[in-house]
Amino acid sequence: MKNEIAKANVSWLAIIIMLFGLLLLASHSNELLKQKVIGPGSSADLGFAADCRADELEEEQLSLEECQLMVSNVRIILSSSPQWYRSYQLTLSSLGIAATLFSLVTAFSLINRQSPELRLAIVSSALLLIIDVAGFVAAVNIGPLLRAQYLWPLLLWICIHLCMLVALIRFGQQSAMDS
Amino acid sequence: MSETKNPVEPESENLPRLVVLLHWLLAASVFFLFISSWWMLSLPLPSAEFTYRELPFQLHKNIGITVFIVVITMAAMRVRALLREASSPQGWLQRLAVVDHLLLYTLLTVCCLSGYMSSSYSGWSTTLWWLVDIPSMTAENDDLNILFSDVHLWSCWALLGLLLLHIGAAIYHGIGNDGAIDKMFRLR
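Residues numbered from 1 in each chain as written. Chains lettered and ligands numbered in written order. Predicted model: local features only at pLDDT ≥ 70, side-chain atom pairs only at ≥ 80, totals over all residues.

(A) Quick look at the overall build of chain B. When you go through chain B residue by residue, the secondary structure sums to five helices and two strands. Across chain B, helices and strands are ordered from the amino to the carboxyl terminus as α-α-α-β-β-α-α. By principal-axis analysis of the C-alpha atoms, chain B measures approximately 70 × 30 × 25 Å. Per-residue burial over chain B gives 26% buried out of 188 residues. Considering only intrachain contacts with a sequence separation of at least 6, the fraction spanning at least 24 residues in chain B is 69%. (Helix = DSSP H or I, 4+ residues; strand = E, 2+ residues; numbered from the N terminus. Buried ≥ 20, exposed ≤ 12 C-beta atoms within 10 Å, placed from the backbone. Contact = placed C-beta atoms within 7 Å.)

Shown next as C-alpha cells:
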C-alpha cells in the first residue's frame, strides 16, 4: 500500500513539474523574445509617431487611442529599464530556459527510475527558485512602470517553485524512511 | 495488499516513443504560441518605422506551421487507435477522453490552417524558419483576412478551454496512479 502511495506521489509530482515547466519555458522564451525585439535606440525610442491607418485599426479592432498607446507602451519599457537590465534579462532568461529544460528531464527520470532522480529534481527546483529570486531582485531595482508588470508574476513563480521544492524534499525524506 | 480496480483503466501498452516526444514538443509549442501571441499583439502596428512585430510574427508563423506538421503526424499515428477505443464498450470517462483527443487534433488543425489563411490574405509573406518561402494561396483580401483571423481567434480560445480539460484529466490520472501518466513519460 505504501509503495502504491509513493508511486502515486511520483506520478503526481512528475505531472506538476511538467505542467509548470512547460508554462515557465514559454514564459522565459517569451521574455527572451521581448528583450530581443525591444531594444534601446529602436523607433519608439527615437520619438516617431504611431502609424495608425484606418484599415489596420479595423482589422485589429483597435481605437486610434489604443494604437497610439501601443507606441507609448514600448516607450514605458525602454524608459523604465536601466542600462544593465536588458543584458541581465537576456542572461537570466537563457539560464531560465536551460534550468527549465533540466527540470523537464528530471520529470521524465522520476517516472522511469526513482531515488537518484529525486535528488536531481530537488536540484532543478532549487535552481528555478534561485532564478526567480534573481529576477525578483532585479525587478525591484527597475522603474515603477515596468516593475509593476514583473513583480506579481515573479512572486507567483517563487511560490510555485517553493511548493515544488518542499514537496520533493519531503517526499525524498519519506522514501528514505520507508526503504 | 488489496488490489483496487480503478474505474478509469486506460490501455496498458506503451505509446510509441515518437508519439510521446511529439506530444511534449506540441505542448511546449502551444504554450509558447499562446503566451507570445498575447504579448505580440500589444506591439505597435507595423509601418516603415515600426518593425517590432516582424520577428514575433515570423516566429509565430514558423512554429504554427511546425505544429501543423506535428499534429498531422500524431493524428496519423493515433487516430485509428482512438477510433478503436471509441467503438469498444467502455465508461463515460474513457469516451470523454477519446472525444477530447479527437477534438484536440481537430482544433489544432483548424487553428493552424485559419492562421495560415489569415496570413495569406493579409499579404504578408511567410518564410518557414527563414529558409523556405511558403507561397501565399491568394491575393490580399481584407475581408477574408478578418474572417480567418476571427476563426483563428475563436478556435484558439476553444483550444485553450479543451487544453484545460486535458490538463485536468492528466492531474486526475496522476493522483489516481492508473498508469496513464506513466505512458506519457516512458521513452523505452
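That covers the picture; the talk isn't over yet.
(B) Quick look at the overall build of chain A. Along chain A, the regular secondary structure elements total six helices and zero strands. When the helices and strands of chain A are listed from N to C terminus, the series reads α-α-α-α-α-α. Taken against the 2.2 N^0.38 rule, which gives 16 Å for 179 residues, the C-alpha radius of gyration of chain A at 21 Å runs more than 25% over that of a compact globule. If you line up chain A on its principal axes, its C-alpha atoms span 70 × 35 × 20 Å. (Rg over C-alpha atoms; globule rule 2.2 N^0.38 Å.)

(C) A look at the domain arrangement of chain A. Residue and element names in this part refer to chain A. When its domains are assigned, chain A resolves into domain 1 (2–39 + 82–178) and domain 2 (41–80). For domain 1 versus domain 2, the separation of C-alpha centres amounts to 34 Å. With six residues of domain 1 at the contact, the number on the domain 2 side is eight residues. Broken down by class, the residue content of the side of domain 1 that touches domain 2 amounts to four nonpolar, two polar and no charged. (Domains from an automatic or database assignment. Nonpolar A, V, L, I, M, F, W, Y, C, P; charged D, E, K, R; others polar.)

(D) View of the packing of helix α1 (residues 17–40) of chain B against helix α2 (residues 54–87) of chain B. Residue and element names in this part refer to chain B. For the pair α1 and α2, the least separation of the axes is 10 Å and the interaxial angle reads 150°. Relative to α2, α1 is oriented roughly antiparallel. Crossing of α1 against α2: the hand is left-handed. Class assignment of the residues belonging to the contact of α1 with α2 gives a composition of 16 nonpolar, seven polar and one charged. (Axes fitted to C-alpha atoms, helices over the stretch in contact; angles between N-to-C directions. Parallel < 35°, antiparallel > 145°, perpendicular 65-115°, else oblique. Left-handed = near helix turned anticlockwise from the far one by under 90°.)

(E) Summary view of the interface of chain B and chain A. Facing the 32 residues of chain B at the interface are 39 residues of chain A. Contributions of two or more residues to the side of chain B that touches chain A are made by α1, α2, α4 (142–176) and α5 (180–183) of chain B. The greatest single-element share of the side of chain B that touches chain A, amounting to eight residues, is contributed by α4 of chain B. A class-by-class count of the residues in the side of chain B that touches chain A yields 22 nonpolar, six polar and four charged.

(F) A look at the confidence of the model for chain A. Of all residues in chain A, 93% have pLDDT values of 70 or greater, and the mean over the chain is 87. No element of chain A has a lower mean pLDDT than helix α2 (residues 54–60) of chain A, which averages 83, and none a higher one than helix α4 (residues 85–112) of chain A, which averages 92. (pLDDT = per-residue confidence, 0-100.)

(G) Inspection of unusual backbone geometry at higher detail. The residue Gln-61 of chain A is not glycine, and still its phi comes out positive at about 55°. Residue position: Gln-61 of chain A is located in the loop between α2 and α3 (64–80). According to the C-beta neighbour criterion, Gln-61 of chain A is exposed, with 11 such atoms within 10 Å. Non-glycine residue Trp-129 of chain B carries a positive phi angle of around 50°. Examined against the element boundaries, Trp-129 of chain B turns out to sit in the loop between β1 (126–128) and β2 (132–134).

(H) Structural detail: α1 of chain B. With 24 residues, α1 of chain B extends 34 Å between its outermost C-alpha atoms, agreeing within 8% with the 34 Å of an ideal straight helix rising 1.5 Å per residue. For α1 of chain B, every residue scored as buried is listed here: Ala-27, Ala-28, Val-30, Phe-31, Phe-32, Leu-33 and Ser-36 of chain B. (Expected span 1.5 Å × (residues − 1).)

(I) Up close: helix α6 (residues 144–178) of chain A. Residue and element names in this part refer to chain A. For α6, spanning 35 residues, the distance from its first C-alpha to its last is 50 Å, which sits close to the expected 51 Å at 1.5 Å a residue. By the largest-angle criterion, Tyr-150 marks the main kink of α6, which is about 25°, and a proline, Pro-153, follows within four residues. Burial in α6 covers these residues: Trp-157, His-161, Met-164 and Leu-168. (Bend = angle between axes of the 7 residues up to and from the residue.)

(J) Structural context of the nonpolar core. Formed by 43 residues in total, the largest nonpolar core has its most connected members in Ala-14, Ile-17, Met-18, Leu-22 and Leu-110 of chain A together with Phe-31 and Leu-108 of chain B. Ranked by residues supplied to this core, first place goes to helix α1 (residues 2–37) of chain A with eleven residues. Other than its neighbours up to four places away in sequence, Leu-110 of chain A contacts Val-10, Leu-13, Ala-14, Glu-117, Leu-118 and Ala-121 of chain A. Ala-50, Met-70 and Val-71 of chain A together with Phe-50 of chain B belong to the second-largest nonpolar core, a separate cluster that totals eleven residues. (Core = buried A, V, L, I, M, F, W, Y, C linked by C-beta atoms within 7 Å.)

(K) Quick peek at the environment of Asp-182 of chain B. Position of Asp-182 of chain B relative to the elements: it lies in helix α5. For the pair Asp-182 of chain B and Asn-14 of chain B, spaced 168 residues apart in the sequence, the C-alpha separation amounts to 8.8 Å. With sequence-adjacent residues up to four places away left out, Asp-182 of chain B is seen in contact with Ser-11 and Ile-111 of chain A.

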